[in-house]
Structures are given as structure tokens and as C-alpha cells.
Amino acid sequence: MKFKANLPRLRGGTLAVIAVMLIGSALLRIGLQAGPAVARESRPEQDQEMSAEPETARGGTPTSAELQTLIDALRDREYALDTREAQIQDRMKALEIAEKAIERRLEALIGAEERLSATLALADGATEEDLVRLTDVYEKMKPKQAAALFETMAPEFAAGFLARMRPDAAADVMAGLSPMAAYSISVVLAGRNASVPTE
């Protein structure tokens, strides 16, 4: 009950405070605006001198020609920025296209490399199989016939086969070679072993 009775009193006090603040604000504004007006009336000679100066020189608003110049400069700047932005976007698109092309080429190169590796592995396997088979054939030949065949081979080529053959079969073939051919093949075999590290 007491609270309800105090409520109208509080509202009246609040309204009074707001009214006082509004009146104070109005008086303050009048005082602030009246000060410059009184100062202008007390200095009419200075006002006449200032009116002879251009508007921009005394800090006033710029003339319409100056505004137009400013607007034109801003438009030129905006156009230059739009052009620059368009150029940057074009470059970004070109870079994106180039990047995609590079990615496609890289994928193609990786695929080609994988296919080449598989082909080389097959070729190496086939070559090794062929060499093993041919070495086996030379080992099974009669030493005299094999020696006649090795006599016609280049020393490096013959040394490769002799190195793969069983030692007893290789010895039989070497025994059937001419001394010059046996010496040349021995030099090639020794040269291969000399280049092998000992430690």
C-alpha cells in the first residue's frame, strides 16, 4: 500500500528533473549561439574584409566549381580503381586456368612415368630372363662349340656371359679360346672386379 502511494510522488520527481535538464539545455544553446552573434556585431570591419576573400580561404563551404572538380577527381579515381580491380580479377582467372592446366599436365606426367616404370620393369624382367636363358644355353653347349662362338663376340659381351656361367663351364669355354681372345676377356673381367670397393 505504501509503495503504491509513493509511486506518483516518484513519477512527479522524475518529470521535474527531466524538465529542469531540458530547460538548462535550451539556455545553454541560446548562450552558445548568442556569443558568436554578439562577436560578429562588434567586428563589422573584419566581416567585410573576410567577405572579400574566397569561400574556401576562410574555411567556409567550397564553390560549385571546386565541388565539381572534386567530384570529377573522385570519379576518375573510382574509374581507375574499377579498372585495376578488373585487371586483378582477369589475372586471377588466368592464374587459376594456368594452375588447372599445370595440374592436368602433372597428372599426365605422373601417369606416363608410372606406365614407363611398368614397361621398364617388364623390359628388365624380360631382358634378365633372356640373359639367364642364353647363359643356360651356352653352359649346355659343348665347350669347343661355345669357344668358337665366344671367339667371334666382342670381349666385353663375351665377358658378361662368362661371368654369369658356372665356373666349371666358363673354364671349359676359356680353355677352348685362342690366347688373344682369352686374354682380352680376362682383362675385361679383371677390370670389372678391380672397380669393386674392397672395404
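Everything that follows concerns the structure shown earlier in this document.
For clarity, every value in this text was computed on a predicted model and none was experimentally measured. (Residues numbered from 1 in each chain as written. Predicted model: local features only at pLDDT ≥ 70, side-chain atom pairs only at ≥ 80, totals over all residues. Heavy atoms only, no water.)

Draft legend 1. Local environment of helix H6 (residues 167–176). Within H6 the residues assigned to the buried category are Ala169, Ala170 and Val173. Taken down its axis, H6 places every buried residue within 100 degrees of arc, on the same side. Across H6 from its buried face, at more than 90 degrees, point the exposed residues Pro167 and Ala175. Turning to H6, the residues buried within the fold contact helix H3 (64–140), helix H4 (143–152) and helix H5 (155–164). (Buried < 20%, exposed > 50% of the residue type's maximum accessible area, 1.4 Å probe, protein only. Helix = DSSP H or I, 4+ residues; strand = E, 2+ residues; numbered from the N terminus. Arc of directions from axis to C-beta. Contact = heavy atoms within 4.5 Å.)

Draft legend 2. Structural context of the side chain of Glu139. Of note, Glu139 is situated in helix H3. Once you skip the residues sitting within four places of it in the chain, Glu139 turns out to touch Arg164, Met165, Arg166 and Ala169.

Draft legend 3. Highlighting a nonpolar patch on the surface. A cluster of nonpolar side chains, contributed by Leu67, Leu70, Ile71 and Leu74, occupies part of the molecular surface with about 360 Å² of accessible area. Tracing the backbone shows Ile71 in helix H3. Since its relative accessible area comes to 37%, Ile71 is described here as partly exposed. (Patch = residues over 30% accessible without salt bridge, like charges linked within 9 Å, V, L, I, M, F, W, Y side chains within 5 Å. Areas by Shrake-Rupley, 256 points an atom, 1.4 Å probe, with all protein chains shown as cover. Salt bridge = Lys/Arg side-chain N within 4 Å of Asp/Glu carboxyl O.)

Draft legend 4. Quick look at the pattern of salt bridges. If you walk through the whole model with that rule in mind, you get 7 salt bridges. The partner of Lys100 in a salt bridge is Glu96, and the shortest N-O contact between them spans 3.8 Å. Of this pair, Lys100 and Glu96 both sit in helix H3, 4 residues apart, which is roughly one turn of that helix. Residue classification places Lys100 among the partly exposed residues on the basis of a relative accessible area of 45%. Across the salt bridge formed by Asp168 and Arg166, the nearest N and O atoms sit 3.3 Å from each other. Residue classification places Asp168 among the partly exposed positions, given a relative accessible area of 45%. Residue class for Arg166 comes out partly exposed when judged on its relative accessible area of 43%. Residues participating in the shared-partner salt-bridge network are Glu129, Asp130 and Arg133.

Draft legend 5. Fine view of the nonpolar core. Residues Phe150, Leu162, Met165, Val173 and Leu177 are the most contacted members of the largest nonpolar core, which totals 18 residues. For this core, the secondary structure elements donating two or more residues are H4, H5, H6 and helix H7 (179–194). With sequence-adjacent residues up to four places away left out, Val173 is seen in contact with Pro143, Ala146, Ala147, Phe150, Leu162 and Met165. (Core = buried A, V, L, I, M, F, W, Y, C linked by side-chain atoms within 4.5 Å.)

Draft legend 6. Local environment of the packing of H4 against H6. Running from amino to carboxyl end, H4 crosses H6 at an angle of 65 degrees, the nearest separation of the two axes being 8 Å. Taken together, the axis directions place H4 and H6 in an arrangement best described as roughly perpendicular. Crossing hand, H4 versus H6: right-handed. The residues of H6 that touch H4, namely those facing Pro143, Ala146, Ala147 and Phe150, are Asp172, Val173 and Gly176. Considering only residue class, the contact of H4 with H6 consists of 5 nonpolar, 1 polar and 1 charged. (Axes fitted to C-alpha atoms, helices over the stretch in contact; angles between N-to-C directions. Parallel < 35°, antiparallel > 145°, perpendicular 65-115°, else oblique. Left-handed = near helix turned anticlockwise from the far one by under 90°. Nonpolar A, V, L, I, M, F, W, Y, C, P; charged D, E, K, R; others polar.)

From the geometry alone we can't say anything about function, so treat these as descriptive.
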